[in-house]
Amino acid sequence: MKYLVMVQGSQADYNAQSGTGSADSPAWDEKAMQEMFAYMGSINDDLAESGELVTAYGLTEPAQGRAVSVDAEGRPVISDGPYSETKELLAGFWILDCESLERVTEIAARVARCPQPAGAPEYPVLIRPVGGGIDD
């Protein structure tokens, strides 16, 4: 079974990782960033070795994104990021091919233990089974 494992963040978190902290998200220093990348890299290496990793990506900050909706007449309404109406956004994801929900839950728990500076916000790691796709 394939699963989508998602990590969340906010624009404030991306700012903090660039060194600009706030009351909601303290600034990360270079050591904290290196620890986080090393930790996530070890997870990716282990998943690749076990054959469970299908793909994984971190996403750029919300300020580089865009939201597209339509108005009452069906015309596009475009909002450049960051999105003040949205507290948390998808920050990165893995597609994993695991034998069970229990196994992917073990992996998500490991992801949730990623090191970060004291006082940084903690978000749940989300798991969703992947339904049939166009390649199925």
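Conventions we followed
Residues numbered from 1 in each chain as written. Predicted model: local features only at pLDDT ≥ 70, side-chain atom pairs only at ≥ 80, totals over all residues. Heavy atoms only, no water. Phe/Tyr/Trp six-rings, centres within 6.5 Å; stacked < 30°, edge-to-face > 60°. Helix = DSSP H or I, 4+ residues; strand = E, 2+ residues; numbered from the N terminus. Buried < 20%, exposed > 50% of the residue type's maximum accessible area, 1.4 Å probe, protein only. Contact = heavy atoms within 4.5 Å. Pairing = 2+ DSSP bridges. Expected span 1.5 Å × (residues − 1). Arc of directions from axis to C-beta. Axes fitted to C-alpha atoms, helices over the stretch in contact; angles between N-to-C directions. Salt bridge = Lys/Arg side-chain N within 4 Å of Asp/Glu carboxyl O.

Caption draft 1: Structural context of the packing of aromatic side chains. Applying the stated criterion to the full structure yields one aromatic pair. With a centroid separation of 5.9 Å and 45° between ring planes, the pair formed by Y57 and F93 is classed as tilted. Of the two residues, Y57 is situated in strand β2 (residues 53-58) and F93 in strand β5 (residues 89-97); the sequence distance between them amounts to 36 residues.

Caption draft 2: Highlighting the environment of L96. One can find L96 in strand β5. Looking at L96, the relative accessible area reads 0%, which means it is buried. On a C-alpha basis, the gap between L96 and I107 in space is 9.6 Å, while along the polypeptide they are eleven residues apart. Look past the residues within four positions of L96 in its chain and what remains in contact with it is M1, K2, Y3, V5, L47, E52, L53, V54, V104 and I107.

Caption draft 3: Focus on the pairing of β5. Judged from the eight bridges that link them, strand β1 (residues 2-9) and β5 form a sheet pairing that is antiparallel. Across the sheet, Q8 pairs through a bridge with L90, a residue of β5.

Caption draft 4: Structural view of helix α3 (residues 101-112). Given a rise of 1.5 Å per residue, twelve residues ought to cover 16 Å, and the 16 Å separating the end C-alpha atoms of α3 matches this to within 8%. All of the buried residues along α3 are V104, I107, A108 and V111. Angular distribution of buried residues about the axis of α3 spans 100°; they occupy a single face of the element. Residues of α3 that are buried sit in contact with β1, α2 (30-50), β5 and β6 (126-129).

Caption draft 5: Layout of the sheet that holds β5. Taking strand neighbours across the sheet as the criterion, the four strands line up as β2-β5-β1-β6 in an open arrangement whose pairing is antiparallel. Looking at the sheet topology across the chains shown, the edges are occupied by β2 and β6. Neighbour-to-neighbour, the strand axes of this sheet turn through a mean angle of 20°, independent of strand direction. Alignment of β1 against β6, held across four bridges, turns out to be antiparallel.

Caption draft 6: Just the pattern of salt bridges, in detail. This structure, assessed with the given rule, holds seven salt bridges. Across the pair D80 and R66 runs a salt bridge whose closest N-O atoms are separated by 3.0 Å. Of this pair, D80 sits in strand β4 (residues 76-80) while R66 sits in strand β3 (residues 66-70), and the two are 14 residues apart along the sequence. The class of D80 is partly exposed, set by a relative accessible area of 49%. Exposure remark for R66: the relative accessible area of 54% places this residue in the exposed category. Ionic pairing is found between R75 and D71, a salt bridge with its closest N-O pair at 3.0 Å. Each of E52, R103 and E106 takes part in one network of salt bridges that share partners.

Function-wise, these values are silent; they only describe arrangement.
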